[in-house]
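Architecture and fold: a report
Residues per chain, in single letters:
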Amino acid sequence: MAAYSVPAGVCTNYFNIDDILASQEKVPCVFNAKVAALGYLDQSTTDVDLNVGTKLELPFWLARFLQKGARNIVTVDTPKTYKEGYRNIFTADPNVVDLHRLGPFFYLFGGKLLTLQLPDAEEIADVLLKTFQGRFRKIMDGSQNALHADLTSQTSVLDDQERHLFAAGQDSLHGFHRWEKRETEKLSTSVMVANHRKRKRIGAMPTAS
Amino acid sequence: MLAEKALDLIRELQRTLSGTLSPYNEDKIRQVLEEMQNLYDQNRDRAHYAAGQADVFAAIQLRHAAIQRNKRCLLAYLYNRLEQIRKMRWEFGSVLPSDVRYNMCEQEVQWFTQYNRQLANYMKTIGESGGLDLTQDMKPPKTLYVLVRCIMDHGEFETQDGNIILLKKNSQHYLLRSECEHLIRQGILEHLVH
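Residues numbered from 1 in each chain as written. Chains lettered and ligands numbered in written order. Predicted model: local features only at pLDDT ≥ 70, side-chain atom pairs only at ≥ 80, totals over all residues. Heavy atoms only, no water.

**Notes on the sheet that holds strand 4 (residues 172-176) of chain B**
Strands in a sheet are paired, the pairing made by backbone hydrogen bonds, and the direction either parallel or antiparallel. Residues and elements named next belong to chain B. The criterion, for reference: Any two strands between which DSSP finds at least two bridges are classified as paired. Strands are runs of DSSP state E lasting at least 2 residues, helices are runs of H or I lasting at least 4, and numbering of each runs from the N terminus. A fitted line through C-alpha atoms serves as each axis, taken over the contacting stretch for helices, and the angle formed by two N-to-C directions is quoted from 0 to 180°.
The antiparallel open sheet is built from three strands, whose spatial order is 4-1-5. Of all strands in the sheet, those bounded by a partner on one side alone are strand 4 and strand 5 (189-191). Mean inter-strand twist for the sheet, computed between neighbouring axes without regard to direction, equals 45 degrees.

Structure (structure tokens):
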């Protein structure tokens, strides 16, 4: 019943949905070896085989598998949003970037990239940490102080993990507020049941009118 | 791209994880299994002449990765659904709403029945006299009786001391907390605090 569990960056859980989605992010790859009969993966050619030197954007799970150890079928390059140009933007002011648009799993995917032994892995790790540090203050400020405000403008630019953090902060704020108003003893409808009702009502509307 | 369909399943799951259960997507699961079978067959056919041919070997590895990915997505789909159903047992009680039940596949219904039974058996064995209901007293109880108001018509309700009361919309009652906590959590009654 870990309500506040924020999925850890590097730790991989086989059944974790976020982890699966994050490992689907694309990584630019160049093939070092010929791959027979899989030319259909590259839509720009009609060749039967994938030739040496073919450039393809592969999902992370495939790229990592093909690059690992002695296989060395592809060479992996850093994705655009983690390259130097973007890294400079993040270092300049982490608060203005829309991390949700740059891939909703910015940190999780970034952490995964580090396992690929890219030449600039150290810089990436550094920038991930600095970006988080730079943004954390604002996240905490927003989630701990806004009680009855529309927060969509604030949360829409947050990365998926930052949203978990934000929600945890909001939860604790509301909990504290309830305690202040002596509402903690009040029994309430479970959140899941309430959500289920709402959905039902939306679904039932067209038939009612 | 390979394993794209399996990912659709995961996306579908992610969209519907709050308060409801999406329909069991049997069709898509069959398609994913077919894709896996296809990849497997291709690998098996080529495996015996792959020795010494690096390009065929590389292709086999690539397909293998895709099979494993598909497997992971499928298992995650099933596992997360089970987790969701388990959570629902605690939130909704032992009887799930009909639309949720309708969205479960046969094995999931079986699993749910078994889980229900095991949970009931377990709760019967703990505590001193006649077991302990673990789904009760989610918050520390402060009073023995609570004042409640009905949010919807629920019909007749028999209390422990044998009285029958009619739970009609907007009627108010003073009930034993232990008796009505479930009904509050299910959104039939509303707890009034002054």
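**Overview of the UniProt feature "domain: GINS subunit" (unreviewed entry) in chain A**
Our working rule: UniProt positions are given in the numbering used here, feature names are shortened, and annotations may be inferred rather than shown by experiment.
Listed under "domain: GINS subunit" (unreviewed entry) in the UniProt record, and renumbered for this structure, are residues 82-180 of chain A. This span, residues 82-180 of chain A, is 68% helix and 0% strand, and a straight line between its end C-alpha atoms measures 45 Å.

**Side note on the UniProt feature "domain: GINS subunit" (unreviewed entry) in chain B**
When the UniProt feature table is mapped to this numbering, "domain: GINS subunit" (unreviewed entry) covers residues 48-126 of chain B. As annotated, residues 48-126 of chain B has a helix share of 81% and a strand share of 0%, and its two end C-alpha atoms lie 59 Å apart.

**Details of the interface of chain B and chain A**
As a reminder, the rule being used: We call two residues in contact when some of their heavy atoms are within 4.5 Å. The term buried area means the drop in 1.4 Å probe accessible area that two parts suffer when joined, counted for both and summed. The term salt bridge refers to a side-chain nitrogen of Lys or Arg lying within 4 Å of a carboxyl oxygen of Asp or Glu. Here a polar contact means two N or O atoms within 3.5 Å. Within protein one must be a hydrogen donor candidate and the other an acceptor candidate, and residues neighboring in sequence count only if both atoms are side-chain atoms. For this scheme, ten residues count as nonpolar: Ala, Val, Leu, Ile, Met, Phe, Trp, Tyr, Cys and Pro. Four count as charged, namely Asp, Glu, Lys and Arg, and the remainder, Gly too, count as polar.
Listed per partner, the contact involves 54 residues of chain B and 43 residues of chain A. A buried area of about 4500 Å², summed over both sides, lies between chain B and chain A, and 66% of it is on carbon and sulfur atoms. Where chain B touches chain A, the interface holds one salt bridge. Put simply, Arg72(B) and Asp19(A) hold a salt bridge, and the shortest N to O gap is 2.8 Å. Put simply, chain B and chain A have twelve residue pairs in polar contact (both at pLDDT 80 or more) between them. Mapped by element, the contributors of at least two residues to the side of chain B that touches chain A are helix 1 (4-15), helix 3 (54-92), helix 4 (98-102) and helix 6 (177-185) of chain B. It is helix 3 of chain B that contributes the most residues to the side of chain B that touches chain A, 25 residues altogether. Classifying every residue of the side of chain B that touches chain A gives 25 nonpolar, twelve polar and 17 charged.

**Details of the pattern of salt bridges**
To keep things clear, this is the line we draw: Each residue is placed in one exposure class: buried if its accessible area under a 1.4 Å probe, protein chains only, is under 20% of its type's maximum, exposed if it is over 50%, and partly exposed if it falls in between.
Following the criterion strictly, the structure yields 16 salt bridges over all chains and no others. Arg11(B) serves as the salt-bridge partner of Asp8(B), at 4.0 Å between the closest nitrogen and oxygen. Taken together, the positions of Asp8(B) and Arg11(B), both in helix 1 and three residues apart, correspond to about one turn of that helix. Under the relative-accessibility criterion, Asp8(B) is labelled partly exposed at 28%. Owing to a relative accessible area of 37%, Arg11(B) belongs among the partly exposed residues under this scheme. Here the salt bridges share partners, and the residues they tie into one network are Asp19(A), Lys112(A) and Arg72(B).

**Quick look at the packing of helix 3 of chain B against helix 5 (residues 106-125) of chain B**
Residues and elements named next belong to chain B. For the record, the criterion: Orientation is classified from the angle alone, with under 35 degrees giving roughly parallel, over 145 giving roughly antiparallel, 65 to 115 giving roughly perpendicular, and any other angle giving oblique. Should the near helix be turned anticlockwise from the far one by less than a right angle, the crossing is termed left-handed; should it be turned clockwise, right-handed.
As a packed pair, helix 3 and helix 5 sit with axes 11 Å apart at the nearest point and diverge in direction by 45 degrees. Considering their axes alone, helix 3 and helix 5 lie oblique with respect to each other. Crossing hand, helix 3 versus helix 5: right-handed. Seen from helix 3, the contacting residues are Arg81, Leu82, Ile85, Arg86, Arg89 and Trp90; seen from helix 5, they are Glu108, Trp111, Phe112, Tyr115, Asn116, Leu119 and Met123. Among the residues making up the contact of helix 3 with helix 5, the classes are represented as eight nonpolar, one polar and four charged.

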